[in-house]
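# Examining the three-dimensional arrangement
The primary structure of each chain is shown beneath.
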Amino acid sequence: MDRRKFLNISAGAAVATGVAGMLPGCAAAAGAQRAAATSASDPVHIKLSEEAGTPLKMRFLGTGAADWNGRDDRGELRRLSSVLLDSKVLIDFTPTDEDMIPAGVKPEVIFYTHSHGDHYNPKAALKLGIKNVFLGATWVERAKADFEKAAKETGGKVPEITPLSLGDKVTVHGMTLTALPANHATGDLKEQTLIYLIEKQEVRVLYATDTGGIPAIAARLVGIDPHANGKAITGLVMEATMGMDGDEDFRIFTHSSVGTVLRTAHMLLDKGRYTPKEGQPVYLTHMARTLHGTQAELDKTLPKPLKAAYDGLEVKFTAL
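I will try to describe carefully the structure that is included in this document. (Residues numbered from 1 in each chain as written. Predicted model: local features only at pLDDT ≥ 70, side-chain atom pairs only at ≥ 80, totals over all residues. Heavy atoms only, no water.)

### Concerning the pairing of strand S9 (residues 169–172)
The two faces of S9 match: Lys169 and Thr171 on one face and Val170 and Val172 on the other face are all buried. Alignment of strand S2 (residues 45–47) against S9, held across three bridges, turns out to be parallel. Residue pairing in the sheet places His45 in a bridge with Lys169 of S9. As paired elements, S9 and strand S10 (residues 175–181) share four bridges and run antiparallel to each other. (Buried < 20%, exposed > 50% of the residue type's maximum accessible area, 1.4 Å probe, protein only. Helix = DSSP H or I, 4+ residues; strand = E, 2+ residues; numbered from the N terminus. Pairing = 2+ DSSP bridges.)

### Remarks on the nonpolar core
Taken as a class, soluble globular proteins show a tendency for nonpolar side chains to be buried jointly. Ranked by size, the top nonpolar core spans 31 residues in total, and within it Met58, Phe60, Leu85, Ile91, Phe111, Leu177 and Phe317 carry the most contacts. What Phe317 contacts, discounting residues up to four positions off in sequence, is Pro55, Leu56, Met58, Val203, Val205, Gly235, Val237, Gln280 and Tyr283. Judged by nonpolar contacts, the second largest core, of 29 residues, contains Leu206, Val222, Ile233 and Ala308. (Core = buried A, V, L, I, M, F, W, Y, C linked by side-chain atoms within 4.5 Å. Contact = heavy atoms within 4.5 Å.)

### Points about helix H4 (residues 140–154)
Here H4 contains 15 residues, and its C-alpha end-to-end distance of 21 Å stays within 8% of the 21 Å for a straight helix at 1.5 Å per residue. Here the buried face of H4 lies against helix H3 (122–128), strand S7 (132–136) and strand S8 (160–164). Gly155 sits one or two positions beyond H4 and adopts a positive phi of about 80°. (Expected span 1.5 Å × (residues − 1).)

Dropping the structure here:
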C-alpha cells in the first residue's frame, strides 16, 4: 500500500480457571494436578508466587526481527525481540539481549513464544541463571533435550520446564500470564506457537509476537472478541514485522504489518475492548530491518496510536 494513502486511511480511522499448583519444589504434585486437569480438557493455573502492586513495568530488551544481525548501513541496531517484566520475568531471550539486562537484575523465570532461534536460546537462559521455563506443550520434549544438551556443554543446571496448553495460566511475582495461540509456524508443523496475556491486578496487556494478526481463539480467551462478553485489555504490544509498505510481503501468512496492528487497535478501541490510559500508545516490536525505516523515521511517520518500541525502552502499564 502507498505510504501516503496508508496515512490518509489511518487518520480517519472469560478464561476458565483450572488447577492450582506450586512451583518450584512441588513439581510432582503439579504434574499430577496437570494430568488430572488435562484429562478434563481444562486449562491449568499454576502459582509460583504472589506479590501485590501496580503498575506493570515492561522493559524492551530487543525489538528486532530475525534479519537483524548487528548494526546496518543506517547505523541502526535492534536486538532480537525480548521483554523483561517487573525485572523478574522474561518473555523470550537470546544472547543479543544480554547487555540490556539492568545491573543487579537476575530474572529466574522465562516464557517462550516459540522455538525459532531469534526467540529461544537455552545456553543464554542457563548463563542467565533461569530456574523456571514455560513453553508450549507441543514441543516440550524437544526443549528438554535442548536444555539437557546446553547444560552438558556449559556446566549449568537444567531448569524446571513446564509445558503450557492453550488457556493455561501461570501466576508468578504478582503477574498472571495466559498462554494463547499465535498465527505463526516453525519447522515443526506440530508446534503451536504462543502469544501471552499479562495481567497484574487490573492491568491486562496483550503481548503478541510473532503472529499474523490475533487468532480468533486467542481473542476469545482474552475476552476481546466482540461477539462474546469479556474484559477489555488495557495495553497492547504487537509485532509489525512487515512494516508499513510490506502488506504483500511473503511473510504475510505468519507475521503482521503496521496496517494490521492499526486496524486491530482501531477496532478494539471502537468496540470498547481496548481501554488504555489516556495517551498510552500501542507499542510495535519485532520490526524487520529490511522493511522498516530508522527509529527517527518511525517516530515521525507512524499514525496514532502506534509507537515503535526501541531497545531499552521502559514502559509502565497502568489501569484506568
